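Take a look at the letters that make up each chain.
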Amino acid sequence: MQKMLNAIDLRVNNLPGYNWIGDEFPVLSWKISGDPGTMQQYYRILAASSINLLKTPDLWNSGWVKSDCSSGIRWGGVKLRSRQQIFWQVEVRDQYGNNS
């Protein structure tokens, strides 16, 4: 049976939901939800200027980062403009190699 792991409660500068952020390089965070004993080993952040571009992001693709951190992740994409609308998601990979 495959164990499941998901990134939930995505936040920008510790603010939930859809917010206008004036920061050019905000700090991202998320919580991990999954089966007991399943842990994040890698994450990948995808960010785009439209929801349709998330599969081929135009603002940032962090690539797979080996880390169990899910908070304090500094924006590493293109410099953001004030009030710029972005769409982002986090994919996580567990210690078994399963992706969310």
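Above this text is the structure in question.
The structure reproduced in this document is the subject of the present report. (Residues numbered from 1 in each chain as written. Predicted model: local features only at pLDDT ≥ 70, side-chain atom pairs only at ≥ 80, totals over all residues. Heavy atoms only, no water.)

**Considerations on the nonpolar core**
- With 18 residues, the main nonpolar core has Leu28, Trp30, Ile45, Trp75, Trp88 and Val90 as its most contacted residues.
- Mapped by element, the contributors of at least two residues to this core are β1 (5-12), β3 (27-34), β4 (40-48) and β8 (87-94).
- In this view, Leu28 contacts Arg11, Val12, Ile45, Trp60, Ser71, Gly72, Ile73, Trp75 and Trp88; residues no more than four positions away in its chain are not counted. (Core = buried A, V, L, I, M, F, W, Y, C linked by side-chain atoms within 4.5 Å. Buried < 20%, exposed > 50% of the residue type's maximum accessible area, 1.4 Å probe, protein only. Helix = DSSP H or I, 4+ residues; strand = E, 2+ residues; numbered from the N terminus. Contact = heavy atoms within 4.5 Å.)

**Looking at the pairing of β4**
- Sheet topology note: the β4/β8 ladder contains 8 bridges and is antiparallel. Looking at the pairing, Gln40 lines up with Asp94 of β8.
- Looking at chain direction, β4 and strand β6 (residues 65-66) are connected through 2 bridges and run antiparallel. Paired with Tyr42 across the strands is Lys66, a residue of β6.
- As judged from the 2 bridges shared by β4 and strand β5 (residues 60-61), these two strands associate in the antiparallel manner. Bridge pairing in β5 places Leu46 opposite Asn61. (Pairing = 2+ DSSP bridges.)

**So, unusual backbone geometry**
- Positioned with a positive phi, Asp9 is a non-glycine residue whose angle comes to about 50 degrees.
- Topologically, Asp9 is positioned in strand β1.
- The phi angle at Asn13 is positive, at roughly 50 degrees, despite the residue not being glycine.
- Take Asn13: it is sitting in the loop between β1 and β2 (15-16).

**Details of the packing of aromatic side chains**
- Throughout the structure, instances matching the rule amount to 2 aromatic pairs.
- Centre to centre, the rings of Trp30 and Tyr43 are 5.2 Å apart; their planes meet at 65 degrees, and the pair counts as edge-to-face. Of this pair, Trp30 sits in strand β3 while Tyr43 is found in strand β4, placing the two residues 13 residues apart along the sequence.
- Classification of Tyr43 as buried rests on a relative accessible area of 8%.
- We note Arg93 situated over the ring of Trp64; from NZ or CZ to the ring centre the distance is 4.1 Å. (Phe/Tyr/Trp six-rings, centres within 6.5 Å; stacked < 30°, edge-to-face > 60°. Lys NZ or Arg CZ within 6 Å of the ring centre and 35° of its normal.)

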